[in-house]
Amino acid sequence: MHHFTERSERIPVNVIRELFKLMADPDIISLGGGNPAKESFPLEEVRQITDYLLCVHGADILQYGVTPGYLPLRQAYLEHLARPKGVQAEVANTIIFTGSTQGISLTLELFCNEGDTVLVENPTFLGTLNVMYKMGLRVVPVETDAQGICIDDLEEKVRRERPRLLYTIPTFQNPTGRTIPAERRQRIAELAAKYDFIVLEDDPYGDVRLAGEPVPPIKSFDTAGNVVMMNSFSKIISPGLRVGVGVAEADIAAKLEALKQGADTHTALLPQAICAEFLDRGLLPAHLQRIAAIYRERLDAMLAAMAKHFPADCRYTVPEGGLFLWVELAGDIDATRLLERAVAEEKVAFVPGAPFCVHAEDGRSCMRLNFSNSGPKQITTAIERLGRLLQSETK
Ligand SMILES: Cc1ncc(COP(=O)(O)O)c(C=O)c1O
C-alpha cells in the first residue's frame, strides 16, 4: 500500500476516464475529447520553420532558456495577438507557460491558500476544477445564462463570499461554447476593481472564431490591474507544442516567474521559437481561416444532424466558435448512465455534464459534444446514433 498525500486524494475519481478506457474499440465515434482536428495542424510550416531555426540558431536553440520565456515569442505575441485586441501590455507583463494549464495552476497557487473561496462559471472546465479541488479551495459556482456569467449573481456572490478569484472562460466557453458580451466583460473588470478580487481570464478559444465579430478580452477593460489573462497556442497552432502565454501586471508576472522557476525552469525553447517564427512570418491569419473552415463544416454537420435526429425538446447552444456545444436533455435523463448505453449499444461517446459542475446534479441531464475531432460524416453518424438512443429514452 502506498501512502499518497491528502492533496492528491482530493482529485475525484473520474467515472468518465474509466469509461473512456473502454473506448479502445476503433468503431466508437467519440464526441467526447477536446482535441483539435489533426488536419488543422500546420505540419509543413512547422517542418520548414524547425529546419530554419536549427540552421540559423544552431545549438543555441537546444540550450537552456530563461524562465519568463523566449523574448521573440513574448514580443510577437504582444504584436500579433494581445495588442490588436486592445490589451495594453509590455514584455514585462508577459510570461510563457508550458500550456495554459501551467499558467492556470500557478496563478491559483499565487493567489489562493487552502480553504480560500474562488468563483467559477456553472458549468466550467473540469481540468481547472480538479486543480482547485486538489488545492483544497472552496469552489462556488456563479449562475450563467445564454450570455455567460450573470452579473447580478456574480455581484451577490462576491459580496457574500469575498472570493480571492473568479475563474472565467469568456469566449466559446468549455463546456458550453457560450461567449460573454463586451458589456458584461466590462462589468466583470469593474467588479474586480471595486471588490478587489483577481479575474483569471482563460482564453484558449478566442481566435477559433467561425462566425460573428470578435469581442475584446476582459483584460482590455482592466484599469485596476486585477485581470490575469491566459492564452494558448494549443488550439491555434498545436497542443503538443505545449506553449501558453499569460498577461498580468508586472509584479504578478514576476511572482509567477518565481513559481515557474521551481516548476519546470522554463518552457521548452524550440516550441517557443516555432510559435514566434510562425507569428512573425505572418502565417497566423490565413491559418486561422483554414481552421475555421474545417470546424465550420463540422459544426454545421452536427447542428443539421441534431435538428433532424434529436428529440424536439432537447435544448442546445449554437456556438460561434471553439470546439464544443452543450446539450440540455429533456426530462430526467441521467447523462452519465446514458453514456454507458451510448458506448455499449451505439458505439458513440460524449462527456456527461456532471463533472463540469461543482454541484454534480446541476449537470446531470446535460452533455458536452465536441465537433473538432471527427469529420463531418462521422459526426453525422454519431448524432444519428445518439438521437436514436435519446428517442428510445424519452418514449
Ligand atoms: C478552458 C481551457 N483552459 C485551458 C486548457 C488547457 O490548454 P493548454 O493546452 O494550453 O494547456 C484547455 C484545454 O482543453 C481548456 O479547455
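Residues numbered from 1 in each chain as written. Predicted model: local features only at pLDDT ≥ 70, side-chain atom pairs only at ≥ 80, totals over all residues. Heavy atoms only, no water.

### Observations regarding the packing of helix H5 (residues 99–111) against helix H6 (residues 126–134)
Part 1 of the argument: Remark: H5 packs on H6, axes separated minimally by 11 Å, with the N-to-C direction vectors making an angle of 35°. For the pair H5 and H6, the crossing hand works out as right-handed. Counting all contacts with H5, which are made through Ile-104, Ser-105 and Leu-108, the residues of H6 involved are Thr-128, Val-131 and Met-132.
Part 2 of the argument: Across the contact of H5 with H6, the residue classes tally to four nonpolar, two polar and no charged. (Axes fitted to C-alpha atoms, helices over the stretch in contact; angles between N-to-C directions. Helix = DSSP H or I, 4+ residues; strand = E, 2+ residues; numbered from the N terminus. Left-handed = near helix turned anticlockwise from the far one by under 90°. Contact = heavy atoms within 4.5 Å. Nonpolar A, V, L, I, M, F, W, Y, C, P; charged D, E, K, R; others polar.)

### Some remarks on H6
Part 1 of the argument: When H6 is considered as a whole, its buried residues turn out to be Leu-126, Thr-128, Leu-129, Asn-130, Val-131 and Met-132.
Part 2 of the argument: Tucked inside the fold, the buried residues of H6 contact H5, strand S3 (117–121), strand S4 (138–142) and strand S7 (165–168).
Part 3 of the argument: With its phi angle positive at about 70°, Gly-136 sits one or two positions after the end of H6. (Buried < 20%, exposed > 50% of the residue type's maximum accessible area, 1.4 Å probe, protein only.)

### Points about the nonpolar core
Part 1 of the argument: In this structure, Phe-233, Phe-310 and Leu-369 are the most contacted members of the largest nonpolar core, which totals 73 residues.
Part 2 of the argument: Ranked by residue count, the leading element in this core is helix H11 (residues 284–309), at 11 residues.
Part 3 of the argument: Counting the residues that make up this core, at least three belong to each of domain 1 (6–42 + 286–394) and domain 2 (63–282).
Part 4 of the argument: Judged by nonpolar contacts, the second largest core, of 25 residues, contains Leu-106, Val-131, Ile-198 and Val-228. (Core = buried A, V, L, I, M, F, W, Y, C linked by side-chain atoms within 4.5 Å. Domains from an automatic or database assignment.)

### Comments concerning the side chain of Gln-102
Part 1 of the argument: Within the secondary structure, Gln-102 is located in helix H5.
Part 2 of the argument: Only 3.2 Å separates the side chain of Gln-102 from the side chain of Asp-264, close enough to count as a polar contact.
Part 3 of the argument: Setting aside residues no more than four positions away along its own chain, Gln-102 makes contact with Phe-97, Lys-260, Ala-263, Asp-264 and Thr-267. (Polar contact = N/O pair within 3.5 Å; in protein donor to acceptor, adjacent residues only side chain to side chain.)

### Observations regarding the packing of helix H12 (residues 335–346) against helix H13 (residues 376–394)
Part 1 of the argument: Where H12 contacts H13, the two axes come as close as 10 Å, and the packing angle between them is 125°. Between H12 and H13, the crossing angle belongs to the class labelled oblique. The handedness of the crossing between H12 and H13 is right-handed. Together, Arg-337, Leu-338, Arg-341, Ala-342, Glu-345 and Glu-346 of H12 and Arg-385, Leu-386, Arg-388, Leu-389, Leu-390, Ser-392 and Glu-393 of H13 make up the contact between the two elements.
Part 2 of the argument: Taken together, the residues that form the contact of H12 with H13 break down as five nonpolar, one polar and seven charged. (Parallel < 35°, antiparallel > 145°, perpendicular 65-115°, else oblique.)

### Observations concerning unusual backbone geometry
Part 1 of the argument: The omega torsion of the bond from Asn-122 to Pro-123 falls at 5°, within 30 degrees of zero and hence cis.
Part 2 of the argument: Checked against the element boundaries, Pro-123 lands in the loop between S3 and H6.
Part 3 of the argument: In this structure, Pro-175 follows Asn-174 across a cis peptide bond, with omega equal to 20°.
Part 4 of the argument: The topology assignment puts Pro-175 in the loop between S7 and helix H8 (182–195).
Part 5 of the argument: In the Ramachandran plot, Arg-242 falls in the positive-phi region, its phi being about 55° despite a non-glycine side chain.
Part 6 of the argument: By secondary structure assignment, the location of Arg-242 is in the loop between strand S9 (227–232) and strand S10 (244–247).
Part 7 of the argument: Look at Lys-347: it is not a glycine, yet its phi comes out positive at around 55°.
Part 8 of the argument: Tracing the backbone through its elements, the reader meets Lys-347 in the loop between H12 and strand S13 (348–349).
Part 9 of the argument: Residue Lys-347 is classed as partly exposed on the basis of its relative accessible area, which comes to 31%.

### Quick word on the sheet that holds S4
Part 1 of the argument: The strand order across the open sheet formed by seven strands is S2-S10-S9-S8-S7-S3-S4, and the pairing between neighbours is mixed. Sheet topology places strand S2 (94–97) and S4 at the edges, where each strand pairs with a single neighbour. Recorded for the sheet is a direction-independent mean angle of 20° between the axes of neighbouring strands.
Part 2 of the argument: Running over the sheet, helix H7 (residues 151–161) touches S3, S4 and S7 and is turned about 155° from S4. (Pairing = 2+ DSSP bridges.)

### Things to note about the site of the ligand
Part 1 of the argument: In the region of the ligand, 15 residues are neighbours, and Thr-101, Asp-202, Tyr-205, Ser-232 and Ser-234 sit closest.
Part 2 of the argument: Tyr-205 is positioned with one of its side-chain polar atoms (N or O) 2.5 Å from an oxygen atom of the ligand.
Part 3 of the argument: Taking Ser-232, its side chain carries an N or O atom lying 2.7 Å from an oxygen atom of the ligand.
Part 4 of the argument: Residues belonging to the shell around the ligand are distributed by class as follows: six nonpolar, six polar and three charged. (Near = heavy atom within 4 Å.)

### So, the domain arrangement of the chain
Part 1 of the argument: Annotation of the chain at the domain level lists domain 1 (6–42 + 286–394) and domain 2 (63–282).
Part 2 of the argument: The C-alpha centroid of domain 2 is placed 25 Å from the C-alpha centroid of domain 1.
Part 3 of the argument: Each partner contributes to the interface: domain 1 provides 34 residues, whereas domain 2 provides 35 residues.
Part 4 of the argument: Of the roughly 2,900 Å² buried between domain 1 and domain 2 on both sides combined, carbon and sulfur atoms contribute 65%.
Part 5 of the argument: By the criterion of area lost to domain 2, the three top residues of domain 1 are Glu-320, Phe-356 and Val-358, representing 21% of everything that side buries. (Buried area = accessible area lost by both parts, 1.4 Å probe.)

### Looking at the environment of Glu-345
Part 1 of the argument: With respect to the helices and strands, the residue Glu-345 is situated in helix H12.
Part 2 of the argument: Between the C-alpha atoms of Glu-345 and Glu-328, which are 17 residues apart in sequence, the distance is 21 Å.

### Describing the packing of aromatic side chains
Part 1 of the argument: Considering all chains together, one arrives at two aromatic pairs under this definition.
Part 2 of the argument: A centroid spacing of 6.0 Å and a plane angle of 85° characterise the contact between Tyr-205 and Phe-324, whose relative ring orientation is edge-to-face. You can see Tyr-205 sitting in the loop between strand S8 (198–202) and S9 and its partner Phe-324 sitting in strand S12 (residues 324–328), a full 119 residues away along the chain. For the pair shown, Tyr-205 and Phe-324 are each scored as buried.
Part 3 of the argument: The interplanar angle of 85° and the centroid separation of 5.9 Å between the aromatic rings of Trp-326 and Phe-356 together place this pair among those described as edge-to-face. Within this pair, whereas Trp-326 is found in strand S12, its partner Phe-356 is found in the loop between strand S14 (351–352) and strand S15 (366–370), the two being separated by 30 residues in sequence.
Part 4 of the argument: Relative accessible area serves as the criterion here: at 1%, Phe-356 is assigned to the buried category.
Part 5 of the argument: Looking at Arg-281, its charged tip hangs above the ring of Tyr-52, at a distance of 4.9 Å from the centre. (Phe/Tyr/Trp six-rings, centres within 6.5 Å; stacked < 30°, edge-to-face > 60°. Lys NZ or Arg CZ within 6 Å of the ring centre and 35° of its normal.)

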